There are 2 protein chains.
Amino acid sequence: MNLKQLAEALSLSQTTVSRALNGYPEVSEETRKRVEETARRLGYAPNSQARRLATGRSMAIGHVIPVSLHEMMNPVFMEFIAGAGQTYARFGYDMILTVVPDAQVGAAYREIAVRKKADAVMIHGPRLDDHRHEILQELKIPFLIHGRIPGRENDLSWIDMNNGSAFETATDLLLDLGHRRIALLNGLEDMDFAARRRRGFERAHAHRNLTADPALMRQADMTEPYGASSAHALLDLPEPPTAFLVSSMITAIGVSRAISERGLKMGRDVSVITHDDALSFLPNTGDKPIFTCTRSSVRYAGERAAELLIDQVMPHPDKPVHEYLKAELIIGHSTGPAPKA
Amino acid sequence: MNLKQLAEALSLSQTTVSRALNGYPEVSEETRKRVEETARRLGYAPNSQARRLATGRSMAIGHVIPVSLHEMMNPVFMEFIAGAGQTYARFGYDMILTVVPDAQVGAAYREIAVRKKADAVMIHGPRLDDHRHEILQELKIPFLIHGRIPGRENDLSWIDMNNGSAFETATDLLLDLGHRRIALLNGLEDMDFAARRRRGFERAHAHRNLTADPALMRQADMTEPYGASSAHALLDLPEPPTAFLVSSMITAIGVSRAISERGLKMGRDVSVITHDDALSFLPNTGDKPIFTCTRSSVRYAGERAAELLIDQVMPHPDKPVHEYLKAELIIGHSTGPAPKA
DNA sequence: CGAAGAATTCAAAGCGGTTTGGATCAAGCG
DNA sequence: CGCTTGATCCAAACCGCTTTGAATTCTTCG
């Protein structure tokens with residue numbers, strides 16, 4: 001069932017039928033009703049390839065996710081994509097997802113742009129020395145960054161959470177509780193979000209004329225074992241930390257495991273604050289959640305990001321947009337006053 | 001830069017250029033070289049919408065993932081998709097991902113089929129009373145199931161792991177270790193995989209003329225808190241279990257937390273076996289992994305599934321294909337002999 | 001040398017929509 | 001009544017590619 005057949009069945013021209021279905025004014029209400037009714041009855045829906053070819057708009061947004069050494073980003077990427085996907089579905093956009101090795105992401109974007117597979121693309125997990133935006137600018141395809149690229153905050157579109165200030169606030173909380181040796185288990189600091197978190201951590205110290213001990217700061221892919229083994233190692237130090245600030249719930253779970261493996265109690269003997277991306281499979285909720293955390297829903301970020309990007313593609317080529325999501329600080333069971341020395 | 005312009009630049013017809021680029025034999029090696037070289041130089045790549053329209057093949061595979069109450073399936077879905085995506089990229093297929101509320105998955109599949117958005121689709125997480133395959137058969141679009149639909153094992157294509165026998169083996173291990181009160185923390189048993197796991201669990205008991213105690217079997221969305229609270233509740237019983245068989249690492253982490261919260265030691269006081277989907281962010285590896293587990297990489301399943309589906313779409317409409325993945329049983333630190341009563 | 005056959009190349013017809021530039025027709029008006 | 005106007009509807013061009021069927025050129029061989 002294609003447009004031609006439908007038009008024949010209605011004894012109308014393709015033009016009229018097309019217009020009727022697309023809501024153009026130059027068709028009488030009466031025939032519009034008739035067209036819509038028979039279209040529905042015959043189960044007609046326009047072939048999307050044909051429509052795309054004719055309109056020049058692909059009605060799709062591309063996401064390229066690098067499958068790299070940093071496997072850890074996956075659950076976050078994926079939750080973001082789930083959020084974005086819902087928005088796309090609501091607006092009639094398709095999401096095309098490309099999963100390629102790190103080295104091929106440039107090529108993947110190029111492919112999308114030059115073959116016109118999508119009207120816009122999303123950039124995930126920007127690094128400090130990221131260059132994807134340059135490729136995309138050269139290709140003249142609209143894009144939005146989940147995160148920020150240092151130095152390009154003003155002229156590119158992005159959505160991000162307040163990584164720096166969230167971690168500064170969290171550190172403040174720990175300092176207020178009397179902790180003076182605080183460990184930071186960060187993500188890889190060549191990622192922009194991790195670099196910001198680290199600066200926030202250091203800022204909080206600096207404001208009190210303290211300096212964070214570099215021996216207590218670590219960075220790695222945010223796995224559970226990373227949390228456990230780091231916590232063990234740090235707690236073995238002559239002067240162990242009394243608190244941990246952790247970049248991911250998953251790593252925090254590892255920390256919590258290490259703490260109990262040593263017969264200590266989290267929240268009493270050792271405090272832990274983690275960032276919580278609100279991953280659906282790791283709820284840290286309830287009256288008083290397990291982990292004190294800075295929370296910002298990455299799924300919600302996905303939803304908003306998709307809206308912003310669709311907006312950007314709509315026929316009014318706008319200025320760059322920015323959206324700044326504030327993580328909330330939530331007190332759970334895992335923090336308490338620093339133990340007396 | 002489109003085909004016409006490229007043809008003009010070469011003083012050739014579109015036909016010849018098209019054929020040269022697509023490897024047809026009726027074009028001289030010499031001009032083929034020339035065409036390829038200038039195409040590369042001018043950065044030409046065929047518009048995919050146009051090509052799709054002309055060929056009638058969309059070179060895309062659709063995945064519809066329901067965002068439902070069962071949020072928990074997400075990390076597994078997503079890991080599967082990451083695997084599948086890599087395969088698609090390798091074969092030049094696009095993946096289009098649709099994220100919709102449970103109630104709209106039928107409509108989403110219909111949309112894909114009737115607008116010709118994809119050449120085939122994947123079914124995720126089949127239920128016992130699943131009907132998606134009927135919609136897809138009616139729409140005459142090839143599909144493959146990740147999992148199985150009961151009663152339709154022979155005439156539909158699927159890829160699945162040995163849920164039943166893996167859990168039977170795991171249960172056997174625990175029974176061999178002397179455990180007689182074994183708890184099962186399963187996923188929701190209206191999902192086919194969970195129903196099979198339960199049957200495997202019961203089969204192992206039956207083979208020794210034992211019956212599994214229904215009071216020790218639970219099912220729910222596989223979150224971390226589900227594991228922790230269930231473990232606490234069960235260990236509070238007058239006759240608590242000495243071992244847990246768990247359907248997901250994430251839930252098992254909750255169990256492990258509950259065990260240590262009670263001052264018990266996993267592997268000594270309480271044994272735990274979990275199924276391990278080999279999620280990239282939850283490595284349970286090493287010489288002797290934390291959890292004894294049945295392991296089957298869902299990412300690998302995704303890779304294979306994509307290959308099977310692409311095969312199915314290639315111009316030789318085949319019989320249904322099945323692939324049966326065997327989970328391996330891996331001994332970790334979390335299991336040991338049952339404590340003396 | 002001329003014709004048959006192979007090797008190349010091309011013009012044009014789709015693929016299934018959207019959109020431009022009229023046509024057609026009834027109503028409105030001086 | 002003739003002409004303008006607005007409301008509808010339509011034929012045909014176009015989007016950028018593939019593919020059919022035929023034309024052209026080059027070899028080969030009696």
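Values in this document were obtained by computation on a predicted structure and should not be read as measured data.

Thresholds applied
Residues numbered from 1 in each chain as written. Chains lettered and ligands numbered in written order. Predicted model: local features only at pLDDT ≥ 70, side-chain atom pairs only at ≥ 80, totals over all residues. Heavy atoms only, no water. Helix = DSSP H or I, 4+ residues; strand = E, 2+ residues; numbered from the N terminus. Rg over C-alpha atoms; globule rule 2.2 N^0.38 Å. Buried < 20%, exposed > 50% of the residue type's maximum accessible area, 1.4 Å probe, protein only. Contact = heavy atoms within 4.5 Å. Lys, Arg positive; Asp, Glu negative; His and termini not counted. Charge placed at Lys NZ, Arg CZ, Asp CG, Glu CD. Salt bridge = Lys/Arg side-chain N within 4 Å of Asp/Glu carboxyl O. Phe/Tyr/Trp six-rings, centres within 6.5 Å; stacked < 30°, edge-to-face > 60°. Lys NZ or Arg CZ within 6 Å of the ring centre and 35° of its normal. Least-squares fit on C-alpha atoms with pLDDT ≥ 70 in both. Expected span 1.5 Å × (residues − 1). UniProt positions renumbered as here; feature names shortened; annotations may be inferred. Near = heavy atom within 4 Å. Polar contact = N/O pair within 3.5 Å; in protein donor to acceptor, adjacent residues only side chain to side chain. Domains from an automatic or database assignment. Nonpolar A, V, L, I, M, F, W, Y, C, P; charged D, E, K, R; others polar. Pairing = 2+ DSSP bridges. Axes fitted to C-alpha atoms, helices over the stretch in contact; angles between N-to-C directions. Buried area = accessible area lost by both parts, 1.4 Å probe.

What about the overall build of chain A?
Scanning chain A from terminus to terminus reveals 12 helices and 12 strands. The C-alpha atoms of chain A give a radius of gyration of 25 Å, which is well past the 20 Å a tight globule of 341 residues would have. Expressed along its principal axes, the backbone C-alpha trace of chain A runs to roughly 90 × 45 × 30 Å. A burial count over chain A gives 56% of its 341 residues as buried. Taking as baseline every contact in chain A between residues at least 6 positions apart, the subset at least 24 positions apart corresponds to 69%. Charge separation in chain A, taken as the distance between the mean sites of 40 positive and 42 negative side-chain charges, equals 3 Å.

Considering the pattern of salt bridges
Tallying each qualifying case throughout the model produces 54 salt bridges over all chains. Across the pair Glu-37 of chain A and Arg-41 of chain A runs a salt bridge whose closest N-O atoms are separated by 3.8 Å. Separated by 4 residues within a single helix, Glu-37 of chain A and Arg-41 of chain A lie in helix 3 (residues 29–42), roughly one turn from each other. With its nearest N and O atoms 2.7 Å apart, the salt bridge here joins Arg-203 of chain B to Glu-168 of chain B. Of the two residues, Arg-203 of chain B is situated in helix 9 (residues 192–207) and Glu-168 of chain B in helix 8 (residues 163–176); the sequence distance between them amounts to 35 residues. The class for Arg-203 of chain B is partly exposed, based on a relative accessible area of 33%. Residue classification places Glu-168 of chain B among the buried positions, given a relative accessible area of 13%.

Quick notes on the packing of aromatic side chains
Per the counting criterion, the structure on display carries 3 aromatic pairs over all chains. The interplanar angle of 40° and the centroid separation of 5.6 Å between the aromatic rings of Phe-281 of chain A and Phe-281 of chain B together place this pair among those described as tilted. Remark: Phe-281 of chain B occurs in the loop between strand 9 (271–276) and strand 10 (292–295) and Phe-281 of chain A occurs in the loop between strand 9 (271–276) and strand 10 (292–295); the pair is interchain, linking two chains. The class of Phe-281 of chain A is buried, set by a relative accessible area of 2%. Aromatic pair Trp-158 of chain B and Tyr-324 of chain B: ring centres 6.4 Å apart, planes at 80°, arrangement edge-to-face. Placement of Trp-158 of chain B in strand 5 (residues 158–161) and of Tyr-324 of chain B in strand 11 (residues 322–325) is noted, with a sequence separation of 166 residues between them. Positioned above the aromatic ring of Trp-158 of chain A, the side-chain terminus of Arg-148 of chain A is 5.0 Å from the ring centre.

Side note on the relation of the copies chain A and chain B
Two chain copies, one operation linking them: a rotation about an axis together with a shift along it. For the pair chain A and chain B, the relating rotation is 180°, the translation along its axis is 0.1 Å, and the fit reaches an RMSD of 0.1 Å. With respect to symmetry, the two chain copies, as superposed, fit the operation of a two-fold axis. Looking at the rotation axis and the C-alpha trace of chain A, the residue lying nearest is Ile-96 of chain A, at 2.2 Å. Of the residues that chain A buries at the interface, 100% are likewise interface residues in chain B, meaning the two copies contact each other through the same surface.

Comments concerning the side chain of Arg-295 of chain B
Tracing the backbone shows Arg-295 of chain B in strand 10. With residues near it in sequence (within four places) discarded, Arg-295 of chain B still touches His-275, Asp-276, Ala-278, Asn-284, Thr-285, Pro-289, Ala-327, Glu-328 and Ile-330 of chain B.

Quick look at helix 5 (residues 74–91) of chain A
With 18 residues, helix 5 of chain A extends 25 Å between its outermost C-alpha atoms, agreeing within 8% with the 26 Å of an ideal straight helix rising 1.5 Å per residue. Of all the 18 residues making up helix 5 of chain A, 14 are buried; the element is thus mostly covered by neighbouring parts of the structure.

Quick look at the UniProt feature "domain: HTH lacI-type" (unreviewed entry) in chain A
UniProt annotation of "domain: HTH lacI-type" (unreviewed entry) refers to residues 1–55 of chain A when read in the numbering used here. End C-alpha to end C-alpha, residues 1–55 of chain A measures 20 Å, and it is 69% helix and 0% strand.

With respect to the protein's contact with DNA strand D
Surveying the vicinity of DNA strand D reveals 27 residues, the closest of which are Thr-15 of chain A together with Leu-3, Ser-18, Arg-19 and Tyr-24 of chain B. In DNA strand D, atoms within 4 Å of the protein come from the sugar-phosphate backbone in 61% of cases. Between Tyr-24 of chain B and DNA strand D, the recorded distance is 2.5 Å, taken from a side-chain N or O atom to a phosphate oxygen. Within the backbone of Asn-47 of chain B, a nitrogen or oxygen atom sits 3.1 Å from a phosphate oxygen of DNA strand D.

Digging into the domain arrangement of chain A
Residue and element names in this part refer to chain A. Taken domain by domain, chain A comprises domain 1 (3–46), domain 2 (60–161 + 298–325) and domain 3 (163–296). Using C-alpha coordinates to define each centre, domain 2 is positioned 29 Å away from domain 3. In this complex, domain 2 contributes 21 residues to the contact, which on the side of domain 3 involves 23 residues. On the surface where domain 2 and domain 3 come into contact, there are 1 salt bridge. Where Glu-153 meets Arg-196, a salt bridge forms, and the shortest distance between an N and an O atom there is 3.2 Å. Between the two partners, domain 2 and domain 3, sit 8 residue pairs in polar contact (both at pLDDT 80 or more). Take the side of domain 2 that touches domain 3: its biggest share by element is 3 residues, from helix 5. Residues of the side of domain 2 that touches domain 3, tallied by class, amount to 12 nonpolar, 2 polar and 7 charged.

Thoughts on the sheet that holds strand 2 (residues 94–101) of chain B
The strands making up a sheet associate through hydrogen bonds between their backbones, and the pairing can be parallel or antiparallel. What the 12 strands build is an open sheet, ordered 11(A)-5(A)-4(A)-3(A)-1(A)-2(A)-2(B)-1(B)-3(B)-4(B)-5(B)-11(B); its pairing is mixed. Looking at strand neighbours, the two that pair on one side only are strand 11 (322–325) of chain A together with strand 11 of chain B, the edges of this open sheet. Strand-to-strand twist of the sheet, defined as the mean angle between neighbouring strand axes without regard to direction, takes the value 20°. Sheet analysis places strand 5 (residues 158–161) of chain A next to strand 11 of chain A, joined by 4 bridges and oriented parallel. When the sheet's bridge partners are listed, Trp-158 of chain A is paired in strand 11 of chain A with His-322 of chain A. Taken strand by strand, helix 5 of chain A contacts strand 1 (60–67), strand 2 (94–101), strand 3 (120–124) and strand 4 (143–146) of chain A together with strand 1 (60–67) and strand 2 of chain B, and its axis lies near 170° from that of strand 1 of chain A.

Let's talk about the interface of chain A and chain B
Every contact between the two is made by 45 residues of chain A and, on the other side, 45 residues of chain B. Counting the surface lost from both chain A and chain B, the interface buries some 4,000 Å², and carbon and sulfur atoms represent 63% of this. Contact with chain B buries surface across chain A, with Gln-49, Arg-115 and Phe-281 of chain A losing the most and accounting together for 17% of the total. Here chain A is connected to chain B by 2 salt bridges. Here Asp-94 of chain B and Lys-117 of chain A are joined by a salt bridge, their closest N and O atoms 3.0 Å apart. Along the contact surface separating chain A from chain B lie 11 residue pairs in polar contact (both at pLDDT 80 or more). Those elements that place two or more of their residues in the side of chain A that touches chain B are helix 4 (48–55), helix 5, strand 2, helix 10 (224–235) and helix 11 (249–261) of chain A. Broken down by element, the residue count for the side of chain A that touches chain B peaks at 8 residues, all from helix 5 of chain A.

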